[in-house]
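Descriptive structure summary
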Amino acid sequence: MSSAADAALLVARLITALDAAIRLANNSAKYRALVAKAVADGRDLTADELDSLQWDAQAAVDRLGD
Amino acid sequence: MTTQQRIIIANLAGIVVLALGMYGINVDAETQKLIVGGLGAIGTVINMTIVQFRSRQTLLADEMDAFHQREGGYVRPSLCFALAAVVIVATALFSGCGHAPETPRQAIAASYVTVETVADAAEIAYRDGHIDADQRAVIRADLQSAIEVLAEARRIESAGGDAADKLQYVRAVLMSVQKLLPEVPHE
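Residues numbered from 1 in each chain as written. Chains lettered and ligands numbered in written order. Predicted model: local features only at pLDDT ≥ 70, side-chain atom pairs only at ≥ 80, totals over all residues. Heavy atoms only, no water.

1. Thoughts on the overall build of chain A
The helix and strand tally for chain A stands at two helices and zero strands. When each of the 66 residues of chain A is scored for burial, the buried share is 36%. Here chain A displays about 3300 Å² of accessible surface, and carbon together with sulfur accounts for 61% of that area. (Helix = DSSP H or I, 4+ residues; strand = E, 2+ residues; numbered from the N terminus. Buried < 20%, exposed > 50% of the residue type's maximum accessible area, 1.4 Å probe, protein only. Areas by Shrake-Rupley, 256 points an atom, 1.4 Å probe, with all protein chains shown as cover.)

2. Here's the deal with the environment of glutamate 152 of chain B
Position of glutamate 152 of chain B among the secondary structure elements: in helix H6 (residues 133-158). Once the C-alpha coordinates of glutamate 152 of chain B and leucine 167 of chain B are considered, the two residues, 15 residues apart in sequence, prove to be 9.8 Å apart.

3. Here's the deal with helix H2 (residues 47-64) of chain A
Its 18 residues give H2 of chain A an end-to-end C-alpha distance of 26 Å, which sits within 8% of 26 Å, the value for a rise of 1.5 Å per residue. Three or more residues of H2 of chain A are buried, namely Glu49, Leu50, Leu53, Ala57, Gln58, Ala60, Val61 and Leu64 of chain A. Where the residues of H2 of chain A are buried, they touch helix H1 (3-40) of chain A together with helix H5 (104-127) and H6 of chain B. (Expected span 1.5 Å × (residues − 1). Contact = heavy atoms within 4.5 Å.)

4. Describing the nonpolar core
Membership of the largest hydrophobic core comes to 38 residues, with the highest contact counts inside it found for Leu45 of chain A together with Ile108, Val115, Ile139, Leu143, Leu150 and Leu181 of chain B. Going through the elements one at a time, H1 and H2 of chain A together with H5, H6 and helix H7 (164-180) of chain B are the ones with two or more residues in this core. A per-element tally of this core places H5 of chain B first, with 12 residues. In this structure leucine 45 of chain A touches Leu34, Val35, Ala38 and Leu50 of chain A together with Arg105, Gln106 and Ala109 of chain B, once residues within four positions along its chain are discounted. (Core = buried A, V, L, I, M, F, W, Y, C linked by side-chain atoms within 4.5 Å.)

Written out as structure tokens, the structure reads:
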């Protein structure tokens, strides 16, 4: 493989990794915010909060089938 | 900075300059330096983020040890850092790395977030041609299974029972999904 092709492949991987990392960071922040709020309120996560996370997870899985 | 990283930044800068030229915007030498510098800064931030992820990975015990043994060495973060690393961090989140789940509900919540993250990673992998449609279908089925088991775990937890077995199953599913995603290239 030529150097140009190598570089193009690296750029493609960089974009892929960056995209995935951004989504991971967003998901992680969402989880942390929920837990932090619950802890600050002196309670455990509510059923509604778990429902919200479940819907997000289900939506992400459903997107895989598109 | 490695040669590969310099090549990437130079290529990205070239793409930016080319794109600006296509829109009739002339880029002088000073501006080109700014573009290269800016891309370099972005690359540095990405590297720092990856290093942070790596430090989180080191907090893991069993999953990481098993992964390293299976993969034959430590995963070196780099600009080639790819989807498998994302799944590792997602698994870290599930395992409580960063913000350890202190209650069963928090563990279930972390599992949902991990399922979402792995699904996102698989979607990106498919979009970018790292996995094919069959692999995507397998991952989707596994993640759907995980969601259904998590629903059972919630019912058990609500009834005052112990859902540890269910959560353990979900963890195993996520680890198996990891094997279907692309391997991380080693530098």
